[in-house]
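The lines below spell out each chain.
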Amino acid sequence: MVASQQAPRVGDTGAYAAAPDPAGTSPLATRLRLTALSAGHVGAGVGALALAVIMLSAFPALFGVAGFLILWLTVPLAGLLAGYHRRTAARELGLPVGAHYLDVAGGNPITALATWVRDPARWRDFAFCWYSGTGGLILSLVPVLFLVGPAVHMILGVVFGSWLWFTIAAVAYGPSLVAWWFVAVPLTRARLRADRGILDHSLVYTLEQRVEQVEQSRSATVDHNEAELRRIERDLHDGAQARIAAAGMNMGLAEKLVHSDPDAATELLREARDTTVNALEDLRTLVRGIHPPVLADRGLVGGVEALAIPIPIPVTVALPLPRLPAPIESAVYFAVAECLANVAKHAYASRAWVTGSHDGTTLRVTIGDDGLGGADPRGTGLSGIARRLAPFDGTVTVISPADGGTEIRLEVPCRLTR
């Protein structure tokens, strides 16, 4: 199970991937793979150009049924073609490429067409079909021609018995391969970046998403703060306040009995002393729940090391981190505490680990174990962690396959304090 607490909206499509070529892949294999991808783009470009022409021809025919039939057929096909290019660009570039189509479910063909007309994503698909069938096709065709063009001419020379043709193609093959070696990667990457630029969300939609996330985060933060204030008030009222009131009453009684019954007064004072000690311990516990002293003294690294000590299984802590802003250290500390508590209670693991890094702009912390797996990211604990990190634009990714092992990855943007 791999899940993130910031799931895409209904109607969104997107792809996220790591770098396409793992370490050890040869440059030749990379260029051959990208050239094959370009060849696929060439074929798709021919189809895209045909779709673009058909869709354009449908507009004058909208006065009749034929225009509507053409659009009902070609618009979804253009969406499928654009979706293929979105997934390909996301996989190869390692960047998200998404689209937000307006929902047409539950409507009739007339209302669906009206929705498509005012859908910016559908217009981007239409524009992409023209680009893919013209400039994009030429961009993808160049690496393919450099690699196989001379070979095709050599074959044609043999077939038609033209040895001059064959010789010219054979002599040109060397320079053509050299040119292919240098242009295959940049041209293919340029095509993929252009695809992403045309097909990705518009800036307005991205800003709308961001505003909505900020509003949700602000609302969750306000609710969380109100709940924390109520908890602190309740703990003070039911704990330290009640004990201090009891101690005051005991000392008042002792004052009245100090001359008439010294032994009873002494016992009441002893009880008052014990009560004040307990009240002090309640206050210390309450303060630790707000901001643990270990964070102020030793930072996040020391805090996590202290959290790992009482866990009943070995916990490896590797956090080469500098001191970070106190609010972020506190939020991540309690997030790690919740994760380790879940490991102790539910994972049935033999070991666990907490690792992390900071690259100057982003804090990344991973909490893992070798237990049962199958953690639900929508559960109370993990969703609470996501809400705790949301005010800092933090994300929580849960990787917990059913066959065992869990990793919870926390990522919080933060810059080092000076």
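Residues numbered from 1 in each chain as written. Predicted model: local features only at pLDDT ≥ 70, side-chain atom pairs only at ≥ 80, totals over all residues. Heavy atoms only, no water.

### Quick word on the overall build of the protein chain
When helices and strands are tallied, the protein chain shows 11 helices and 8 strands. Here the protein chain, with 418 residues, has 36% of them falling under the buried criterion. Taking as baseline every contact in the protein chain between residues at least 6 positions apart, the subset at least 24 positions apart corresponds to 72%. Surface accessibility of the protein chain: about 23000 Å² in total, with carbon and sulfur atoms responsible for 66%. (Helix = DSSP H or I, 4+ residues; strand = E, 2+ residues; numbered from the N terminus. Buried < 20%, exposed > 50% of the residue type's maximum accessible area, 1.4 Å probe, protein only. Contact = heavy atoms within 4.5 Å. Areas by Shrake-Rupley, 256 points an atom, 1.4 Å probe, with all protein chains shown as cover.)

### Re a nonpolar patch on the surface
Residues V148, V152, I155, L156, V159, F160 and W165 make up a contiguous nonpolar surface patch of about 640 Å² in total accessible area. Take the nonpolar patch: its biggest share by element is 5 residues, from helix α5 (residues 135-159). Looking at the element boundaries, F160 is found in the loop between α5 and α6 (163-199). (Patch = residues over 30% accessible without salt bridge, like charges linked within 9 Å, V, L, I, M, F, W, Y side chains within 5 Å. Salt bridge = Lys/Arg side-chain N within 4 Å of Asp/Glu carboxyl O.)

### Some words on the environment of T361
Along the chain, the position of T361 falls in the loop between β5 (352-358) and β6 (362-369). You can call T361 partly exposed: its relative accessible area is 32%. Sequence spacing of T361 and C414 is 53 residues, and the spatial spacing of their C-alpha atoms is 5.3 Å. Not counting residues up to four positions away in its chain, the partners in contact with T361 are V412, P413, C414 and R415.

### Regarding the environment of S330
Among the structural elements, S330 can be located in helix α10 (residues 326-347). Taking relative accessible area as the criterion, S330 reaches 12% and is therefore assigned buried.

### Focus: unusual backbone geometry
Even without being a glycine, Y348 presents a positive backbone phi close to 50 degrees. The topology assignment puts Y348 in the loop between α10 and β5. At D393, a position not held by glycine, the phi torsion is positive, near 65 degrees. You can see D393 is positioned in the loop between α11 (380-389) and β7 (395-399). Of the residues examined, D393 reaches a relative accessible area of 36% and is grouped as partly exposed.

### Things to note about α10
Along its 22 residues, α10 runs 30 Å from first to last C-alpha, staying within 8% of the 32 Å computed at 1.5 Å per residue. Where α10 ends, the next residue or the one after it, Y348, has phi of about 50 degrees, a positive value. (Expected span 1.5 Å × (residues − 1).)

### A look at the packing of helix α1 (residues 27-58) against helix α4 (residues 120-133)
Close contact between α1 and α4 brings their axes to 7 Å; oriented N to C, the two are set at 130 degrees. Looking at the two axes, α1 sits oblique to α4. By crossing handedness, the relation of α1 to α4 is classed as left-handed. Seen from α1, the contacting residues are A44, G45, A48, L49, L51, A52, V53, M55 and L56; seen from α4, they are F126, C129, W130, S132 and G133. Here the residues of the contact of α1 with α4 are counted per class, giving 11 nonpolar, 3 polar and no charged. (Axes fitted to C-alpha atoms, helices over the stretch in contact; angles between N-to-C directions. Parallel < 35°, antiparallel > 145°, perpendicular 65-115°, else oblique. Left-handed = near helix turned anticlockwise from the far one by under 90°. Nonpolar A, V, L, I, M, F, W, Y, C, P; charged D, E, K, R; others polar.)

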